[in-house]
Structure formats: structure tokens, C-alpha cells
Amino acid sequence: MPKGHKVTKIAMNVALVTVSTCIAFMTLNFFFPFVFREDVFPRNLVANSDSLQYAYYPNTYNFKGSPTWVAVVGDSFAQGMGDAFLNGDENYSAAHFLHQRTGKNFLIFGKSGFGSLGAAATFIGDFRSYRDSWIYPKLHKPEAIFDFFYAGNDLNNNIEDLNKYMMKNESTKNLVARLIEKRPSKWFIDANLPFASLLYNYVRFNAKKLVHMQMSAPDNAQGRWPNSLTVGGNTISAPPLQSSAAELSEEELQRSLAVLFSSLEYLKRWSPGSEIVVVYIPSVVGSYDWHEPIEIQKYSDNPTKFITNKFDEMKSEEIRYKICQFSNLSDFTFVDTTSYVRKEGRKRLLHGPKDWKHLNKDGYSAVASAIMEQFYENPHHHRNNCHKG
């Protein structure tokens, strides 16, 4: 065969492979929203997805059902992180239990590490990306927005956002509006090439994980963990625990709550037809009666390291009272899951035992029960009964 013919044949084969790869790649992207589901896609790849990709992953949304839906907004507690997720359980989040009990569609926009501002900004940003996407279904605005507020670190995250993003002489409301209205730089790729975005995140995530594993010392063995409690007659050890903002001063608490309130107000202005439901989830310390003293997980240079059950209860009551009062003034529903979690926590462990930072399957079931009773089964759910002490 002449040399020129060989070159031509090689070029044609390369072109054929390239075109076939592009077609397969575009097909994967086009069908991504319908195959990136928990009954199809491996769970171990989901941690690398962006919130825009993740929203449709849980089996809590029926594409062929009613177009009405409920948004679940927040951090990893909204997302459903915890032992049930790690174990590959089918129903691993509060949204799963609510979907089962109500038959309604739920889309989860939670993501680890978010405070109140990040949660609102990501949700609205993702909604806009769906609206402008070539492949994702177009959505009407939700009938309700469940804003999951976790007492264990959301307020700490809010302070971090204030310190990082607030400009000189800027009000909290202006900060919230500025960051929510700023569109993510890679929204187009996430919305239209989700498979490519997932691969990129997978490589980046595992590279960081490898570095972290090389630099980090192993955790203490469970037998040397500093905290303990008795549940169902069994004494259980636990690592340093997330508390109800024990490290924050009164001034920091007020500033942090202002971020939450401004974020909720923005959500209401953005979608006036949606019911706003603030779901309070207690910290790990606030979920049980611990053996004292209790060593807490540190988020700042504050010297506080050990607290009592009474101290955490006092902080939790103050936070819940202020959120409840704000909810009444704003005509929002306030769902306080504390009593449900504490009641179930006397019978069984609702966190861990692998992941002590998040609820397990029984914990998310308790949260769903509180939402059912205080919102779906309560015709007067806008009349929040606020009490302190």
C-alpha cells in the first residue's frame, strides 16, 4: 500500500474514533439527568458531584409525576450525609422519608460545608442553571422551600462567610444579595456538560484526598475518644462533638443569625409563592444527655473546649427562640425537631457510629416525623409557638 494511502487510512481511523467518542460523550451528557440516579449510579462517585448534578440523584423526584415539588436547601444535613448514605441504603435522607409519606417530589440542593448564605446562593444559582440548560428539565418554582438549619456549625459557617466576603461598611442584606446574584463561573459546563463536570470533580477530589491522607494523622481509636453517653443501657464513646455554637460570643451570634435571616428573606422575595419552612436540627451535643464534661469540636481560637449539657441547652434555646420569633414576623413556618430527636435519642443512637457529624437513618426519620407533624399535618403551621426556658 502506498505511503500516502496509509496516512489517509490512519487519519480516517483517528477521525472515526474522535467522532464516535464525541457522540458517545454527548449522549452521556444528554441522558445524564435520567441515569444519574441512586438506583443506577454508583454511590461512591456521588460525593464528587456538584449540587446541581446531585439534586436529581436521590429517588425523591418522579419525572412522570406532578410538576410541583419541594426544595430542600442547606448543608450536608439537607443532603442526607451520614451512615445510611455511606452504607448505600436506599432511604438515607429526610427527603426520602418525606417523599414516601407524602408522595410529593423533593429535590435536594444541600451540600457539605454550606452556611445559610452558601445554601441560598447555591439553590438559586442551580435553579437558574436548570432554567438555562439544554438538557435538564425546566422547573417551575417550588411550592415550598425547606431550609435545613443545623445548630452544630451553620452559625460558625456564617461568621466565616462574613469575615471572608463582607466589604467595608457593607450591610448583611447587601452582602447576601451580592453573593446570591453573582453567577458561578462554571455554571454553563455544570448545566450542559454534567458528565464532564463530574469527571473533573472526581479527579480533583481524589487528588486532594490523596494529599490529605498523606498529611493527616489517623483518628483516635474509639476506645480513646473523650466523650460518652448511655443509650438503651449501653455506654457509647464518641469523638469531640459539634455543639450549639458554644464558641460564639453574643455579638457573633447576632451577626450570624442576621446572615440566616437575610438569606431567608431573599428566598422569599425570589419566590413569593413558595412557603418558607425553617427546619431546626439540633447539634450532636444537643441531641442527647452526655456524660460530663463534654469535649466539643473546635471551629475558632476561642478557649472554650469543654461544656455541660445545661450550657448547650441554654444556647440552643436562645437560638431556637430567635429563629422562631423571626419566622413569626416573616410568616414562615418554624419546625423544631429537637424534641423528636432527643426523644428517639433516648432509645437508640441517631448519629454514627461511623460518622458522628451527621444523623444516621433513624435520625433522619425522626427529622421527617417532626416535619410531618408540625407542617404537613398541622393546619396552623404558620402560628409558631415560641418559648424560651
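Everything below is about the structure printed above this text.
All figures in this text were calculated on a predicted structure; none of them were measured in a lab.

One can find Val279 in strand 6 (residues 275–281). Taking the C-alpha atoms as reference points, Val279 and Asp147, 132 residues apart in sequence, are found 5.9 Å from one another. Discounting residues that sit within four places of it in the chain, Val279 has contacts with Phe146, Asp147, Phe148, Phe149, Val335, Thr337, Val367 and Ile371.

Let us now look at the sheet that holds strand 6. Read from one edge of the open sheet, five strands run 2-1-3-6-9, paired in parallel fashion. Looking at strand neighbours, the two that pair on one side only are strand 2 (105–108) and strand 9 (333–336), the edges of this open sheet. Between one strand and the next, the sheet's axes are offset by a mean angle of 20 degrees, whatever the strand orientation. Each of strand 3 (144–150), strand 6 and strand 9 is contacted by helix 12 (residues 309–330), which is oriented at about 175 degrees to strand 6, the strand it contacts most.

This part takes up unusual backbone geometry. Residue Pro293 is reached from Glu292 by a cis peptide bond, and omega for that bond is 0 degrees. Inspection of the secondary structure puts Pro293 in the loop between strand 6 and strand 7 (294–295). Residue Pro353 is reached from Gly352 by a cis peptide bond, and omega for that bond is 10 degrees. Secondary-structure assignment places Pro353 in the loop between helix 13 (338–345) and helix 14 (361–376). Located in the positive-phi region is Ala245, a residue other than glycine, with phi close to 55 degrees. Structurally, the position occupied by Ala245 is in the loop between strand 5 (234–238) and helix 11 (250–270).

On the secondary structure map, Thr338 appears in helix 13. Reaching out from Thr338, the side chain makes a polar contact with the side chain of Asp336 at a distance of 2.7 Å.

Turning our attention to the side chain of Gln79. With respect to the helices and strands, Gln79 occurs in helix 3 (residues 76–79). By relative accessible area, Gln79 is classed as buried at 2%.

What follows covers the nonpolar core. Generally speaking, nonpolar side chains in soluble globular proteins are found buried as a group. Membership of the largest hydrophobic core comes to 111 residues, with the highest contact counts inside it found for Phe123, Phe146, Phe148, Trp290, Ile323 and Trp356. The dominant element in this core, judged by the number of residues it contributes, is helix 11, at nine residues. When sequence neighbours within four positions are dropped, the list of residues in contact with Phe146 reads Val70, Ala71, Val72, Val73, Leu98, Phe106, Val277, Val279, Ile371, Phe375 and Tyr376.

This next bit is on the pairing of strand 5. Remark: a regular strand shows side chains that alternate across the two faces of the sheet. Two strands pair when backbone bridges link them, and strand 4 (residues 227–231) and strand 5 are joined in this way by five bridges, in the antiparallel orientation. Counted as the bridge partner of Thr230 is Thr235 from strand 5. The turn linking strand 4 back onto strand 5 is made up of two residues, and Gly232 within it adopts a positive phi angle of 60 degrees.

This next bit is on helix 11. Between its terminal C-alpha atoms helix 11 stretches 30 Å, which fits the 30 Å expected from 21 residues at 1.5 Å a residue. If you check which residues of helix 11 are buried, you get Leu253, Ser256, Leu257, Val259, Leu260, Phe261, Ser262, Ser263, Leu264, Tyr266, Leu267 and Trp270.

Take the side chain of Ser256 next. Mapped onto the secondary structure, Ser256 falls in helix 11. A distance of 2.8 Å separates a polar atom in the side chain of Ser256 from the backbone oxygen of Leu155. If sequence neighbours within four positions are ignored, Ser256 has contacts with Asp154, Leu155, Asn158 and Ile159.

Across the seven residues that make up strand 6, a large majority, six, are buried. Bridge analysis of strand 3 against strand 6 gives seven bridges, and the strand direction is parallel. Residue pairing for strand 6: Phe148 is matched across the bridge by Val279. Here strand 6 pairs with strand 9 via four bridges, running parallel. Following the sheet pairing, Val279 is matched in strand 9 by Val335.

Cut-offs used in this document
Think of each chain on its own: its residues are numbered from 1, step by step along the sequence as written. With pLDDT at 70 or above as the cut-off, local features in this predicted model cover only qualifying residues; side-chain atom pairs require 80 or more to be listed or tallied, and sums for whole chains, interfaces and linings still use all residues. Water and hydrogen atoms were dropped before computing side-chain values, which therefore reflect all heavy atoms in the structure. Put simply, DSSP marks the helices as runs of H or I at least four residues long and the strands as runs of E at least two long, and each gets a number from the N terminus on. Whether two residues are in contact is decided by their heavy atoms, any of which lying within 4.5 Å being enough. The pairing criterion is simple: DSSP has to find at least two bridges between the two strands. Axis lines are fitted to C-alpha atoms, over the contacting stretch for helices. Their N-to-C directions set the angle, which ranges from 0 to 180 degrees. Distance and chemistry together define a polar contact, namely a pair of N or O atoms within 3.5 Å, with one atom able to donate a hydrogen and the other to accept it when in protein, and with adjacent residues in sequence counting only for side-chain atoms on both sides. Note on exposure labels: buried denotes an accessible area under 20% of the residue type's maximum, exposed denotes more than 50%, and partly exposed covers the range between, all computed with a 1.4 Å probe on protein chains only. In this description, a nonpolar core means a group of buried Ala, Val, Leu, Ile, Met, Phe, Trp, Tyr and Cys residues linked to one another through side-chain atoms lying within 4.5 Å. By this rule, a helix spans an expected 1.5 Å times one less than how many residues it contains.

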